Structure formats: C-alpha cells, structure tokens
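Below, each chain spelled out in residue letters.
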Amino acid sequence: MQFDFDNKQRKEILETVSEKLENYYSSTKDFKTNPDLNIKEIRESILTKELANGIGPDKAIEHVIKGLETFSVHTPHPKYFGLFNPRSNYAGIIADLITATYNPQLAAWSHAPFAVEVEELLIREFANKFGYDGNVDGVFTTGGAEANLTAMLCALNHKYPNFAKDGAFGLDKKPVVFCSAEAHHSIQKAARVVGIGYSLVESIPVTDELKLDTEILQQKLNELDSSIYSPLMIIGTAGTTGTGTIDELNQLSSICKKNNIWFHVDAAYGGGAILSQDLKHQLTGIEKSDSITFDAHKWMSVPMGTSIFLTSRNDILGKTFRITTEYMPKEADKLTITEPFTHSIQWSRRFIGLKVYLSLLFYGWQGYEQTINHQAKMGQYLKNQLIENGWKIKNNTDLPVVCFAKSEFETDPNFPKEILDKVLAKGKSWLSVYPINGIPTFRACITNYNTTEKEIDELVDELNDEVTAYVGQ
C-alpha cells in the first residue's frame, strides 16, 4: 500500500474532512452538550482488529468523526458553561492545519527562523500588554501546567545558582512555595516534578472575597523556621479556576519585594482581561511580577494547547535550561541568536504561536477586546437573570465566572447533585458544581464567543424547571 496519496486523492480526502468539520462547526448547537458515559459502549466503538490492515481514508474519517461527535463533551457548544474550554476561532483551526502540513521544527532557530521570530515577537507583544518594561523573555508552552512548572524551575535557579547542576540534593534549606487555597493544582504537580515535594506547597486560606489572605501569608512568613525552611516563591492567581477570583496582586508584590521572594502570577485564565480597557485594571500589580502564566487557549479562543510563560528577568530561562550539544545546528552562534532548545522544557517544539499570530492577523487586538467585553457582558447578564429568579450569587468577580445557589437548599446535600445530574442527562446545557466555604454551588462560565442572551435565558429556565420538579417530589 502506498503510504502517501496522489494530488487527486489528497484533495478528495481534504474535501471530505472539510465538509464534515464544517457541518459540525456550523451546527454545534444542534448536538447534545455531553455524551452518555457508557464505558462499555465507548470502548466497543473503537476499532481494534481494523488496525492491522487499515480500512481506507473514507471509512477511517467517518469512524473518527462519529466517535468524537457521539462521545465528547462539546466544549464549542454555546450552552457549554463549564471549564475554560472555549470554542476555537477559525483562524486558530486553520493555523493548526498549516502547522501540521509544514511541520516546522522550532528546536533550532536555523530550521524555522520565521516561526521562531514570530513567537519572539508575540512574547514581546504580550510582555508589553502586561506592563513589563525593558529586556523581557518568555516562551510558548503546551499548557498552563508547563508554564507554572517553568516558573518554579526559574525561581529555584534564581535563588540557588547551582540548582541546575546539583538539584534538590544541593539545597541547604527546604524551599517553600506559597499560594492561595484556591490556586490551580498544577502548582502541587510542579513541586512533585521539580523534586521538592508537594508538602512544601503552603496553601494560604482565602478571605471572604475568596482572595489569598495576605495577613495570614505574612504571618506564615514570620513564623517560618529559617533554620530549616526558606521561602522560594509566592504565587498570585489572576482568575481562579473555581470562582474567577483575582488575588491582591499589588499587596503580594510588596510582600515579595520586602522579603526578596520570586513573585509569579498564574493568569492562565484571567490574563485575557489585559486585552480589555474595561477589565485590565483588575490586573493592576501584575506588571511587578517576576513571571506570568497565560493561556491563550482560554480567553483568546485558539485550539489547545497554547500557553505562554513570560518573565521580567531576561537571563533566567537561559540559566535554567541552557545546554550544549554537538548534534544540533550551529548557525545561530554566528548571529547571537538564542536557540529555542536551550530556552525551555521542550526540545522538539511545534509552532504553537501560529494560532495566536494568525488569529491576531485575522481579528486584531481590537477584535479580541470586543469579544472579551462581550463575554464579560454575558457574565453580568447571567448574574442579573439569576438574581431576578431568586438565585444567590456566591462569588465576586468581573470575569464571566458565576457561582450561585438557592439559599433555601444550601444545607440540602442532595439538591445540587440531583439538579446537576438531571441537567446533564438532558444534554441541553453543561455546567458544574463547585464548593465555596464547604457549600456546593452551581458554577457557570461564559467561554464561548457565540453565547448570547438567548442561551443564558434557556439555561436559567432549565434550572428553574428542575428546581420546581425537585420541590414537587
């Protein structure tokens, strides 16, 4: 069998795929938001024997499309009010196709100079948007988890100059990471990966506004046994996963400066607010950080995984990852270019940044500002509709993340689960339950640029109907 296809065959395959994808993209709202989770049926639907000899392009494409349409939570759906998984914009989709076709290798500058320089430009652009001055640095990553891991490695190599050589075995004291109890659990995972252990991640309680309590943080720092422990970094979250809360970044910056501690801001979701004149003030203080995590695949609506690590310390990525090897190309040495493989966790690297670059060329910064403002407006509309219908908002954020509950059922442990199960079973909407101060609340997030007042009204009506049915049981 011929491994490649001729021109005619390729066009036919591409037309088949394009037609099926366009059908899904244009009619996503007609699908159920989520599948029935029948593990037996799902596993039986996956072909096994056919892997030996193949089944040909048409049947293979039909099989995969059907599998994804039948057994997926449809995050591009306008009534998906779940995690930060938006509908991909079309520019980002096309960018992934272009990247897969040309398959540039960004490990070495000389192999993909256009792609590397595009990503370098974007790093500078985003650093400027976040308020960094001077010589900044950064790198595209596969996700926020990798960006947060990069931040922890940079903090370690900044505090301990021999860390890259000696690792945790060379530390004279145990490095402590401070973050909010609402911070993303990729922080704990990063502590595992770098070898200091997640027991050294100190989760600080939150205030009534669900922000990291800076008074408790300062108290913890004062009480730290300096003979055994040493503070490594403080992480502020700009848009917590559960409630969309933004920590007091200015206060955290002051504490870090006073104590000479690395200040990292996990703005994986909330960082998108920097693109809006109406919302960017929420991030005041982020410009004083040592590093930032930002996920473009969240509020910028590009395909996963497209994340960025930024740092105001332009030498730290080199100190953390620099390595030499004879088999890599040497052309960049003559041009005083930093080789990408010496600059990040990744070695072989995909052209991740094209999804952002092409999207900006399609829509511009102005287009993104309009989209982000629209989603924030829809978040406020959702809050207003819930309040009008007797629901109580349990979080406080200008980001379109809404946590809500019925006061009369807050002590009823069966209420949220039963309502949620019935909503998900119908497949008209997708939302989740998130605990705030030990009380389960419903959580709905506007992640789709196509979500309108119509979809929100339908969600509120659906919830009200389920509450009525629950009361009448």
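As recorded by an unreviewed UniProt entry, the protein carries the name Aminotransferase class V-fold PLP-dependent enzyme and is attributed to Flammeovirga yaeyamensis. For the protein, the Cofactor (unreviewed entry) comment in UniProt is given as "pyridoxal 5'-phosphate". For the protein, the Sequence similarities (unreviewed entry) comment in UniProt is given as "Belongs to the group II decarboxylase family."

Trainee: Please clarify how the sheet that holds strand β4 (residues 229–237) should be interpreted in this entry.
Mentor: Within a sheet, each strand pairs with its neighbour through backbone hydrogen bonds, oriented either parallel or antiparallel. Pairing in this open sheet of seven strands is mixed, and the strands run β1-β7-β6-β5-β4-β2-β3 from one edge to the other. Because the sheet does not close on itself, it has two edges, and the strands there are β1 (137–141) and β3 (201–204). The mean angle between the axes of side-by-side strands here comes to 20°, regardless of whether they run parallel or antiparallel. One ladder, built from four bridges, connects strand β2 (residues 174–180) with β3; its direction is parallel. Across the sheet, F178 pairs through a bridge with E202, a residue of β3. Strand contacts of helix α8 (residues 186–194): β2, β3 and β4, with the helix running at about 165° to β3, the strand carrying the most contacts.

Trainee: Could you clarify how one ought to interpret the UniProt feature "modified residue: N6-(pyridoxal phosphate)lysine" (unreviewed entry) in the protein in this entry?
Mentor: Here, UniProt's "modified residue: N6-(pyridoxal phosphate)lysine" (unreviewed entry) annotation points to K298. With respect to the secondary-structure elements, K298 resides in helix α11 (residues 296–299). Since its relative accessible area comes to 17%, K298 is described here as buried. Apart from residues no more than four positions distant in its own chain, K298 is found in contact with F84, P86, A268 and Y269. A distance of 2.4 Å separates polar atoms of two side chains, one belonging to K298 and the other to D295.

Trainee: Explanation requested: empty space enclosed by the protein in the structure shown.
Mentor: Remark: the empty space left among the atoms is shown by a probe the size of a water molecule rolled over them. Taken as a whole, this structure holds two cavities of 30 Å³ or more when the rule is applied. Taken together, A405, K406, F409, E410, D412, F415, P416, P440, T441 and F442 form the lining of the largest cavity. The element contributing the most residues to the lining of the largest cavity is strand β11 (residues 439–445), with three residues. Counted by class, the lining of the largest cavity contains six nonpolar, one polar and three charged residues. By volume, the second largest cavity amounts to about 40 Å³. If you trace the second largest cavity, you find it lined by F84, P86, Y269, K298, W299, S301, Q375 and T447. Along the lines of polarity and charge, the residues of the lining of the second largest cavity split into four nonpolar, three polar and one charged.

Trainee: What exactly am I supposed to notice about the state of the cysteines here?
Mentor: Two cysteines, two sulfur atoms, one covalent bond between them: this is a disulfide. The full count for this structure, using the stated rule, is zero disulfides. Between C179, a cysteine without a disulfide, and C256, which holds the nearest cysteine sulfur, the sulfur-to-sulfur distance is 12 Å. Looking at C179, the relative accessible area reads 1%, which means it is buried. Residue classification places C256 among the buried residues on the basis of a relative accessible area of 2%.

Cut-offs applied
Residues numbered from 1 in each chain as written. Predicted model: local features only at pLDDT ≥ 70, side-chain atom pairs only at ≥ 80, totals over all residues. Heavy atoms only, no water. UniProt positions renumbered as here; feature names shortened; annotations may be inferred. Pairing = 2+ DSSP bridges. Helix = DSSP H or I, 4+ residues; strand = E, 2+ residues; numbered from the N terminus. Axes fitted to C-alpha atoms, helices over the stretch in contact; angles between N-to-C directions. Contact = heavy atoms within 4.5 Å. Buried < 20%, exposed > 50% of the residue type's maximum accessible area, 1.4 Å probe, protein only. Polar contact = N/O pair within 3.5 Å; in protein donor to acceptor, adjacent residues only side chain to side chain. 1 Å grid on protein atoms, 1.4 Å probe; cavity = no way out; pocket = protein on both sides within 12 Å on 5 of 7 lines; lining within 4 Å. Points joined across faces, edges and corners; volume = space filled by probe spheres on them. Nonpolar A, V, L, I, M, F, W, Y, C, P; charged D, E, K, R; others polar. Disulfide = S-S within 2.5 Å.

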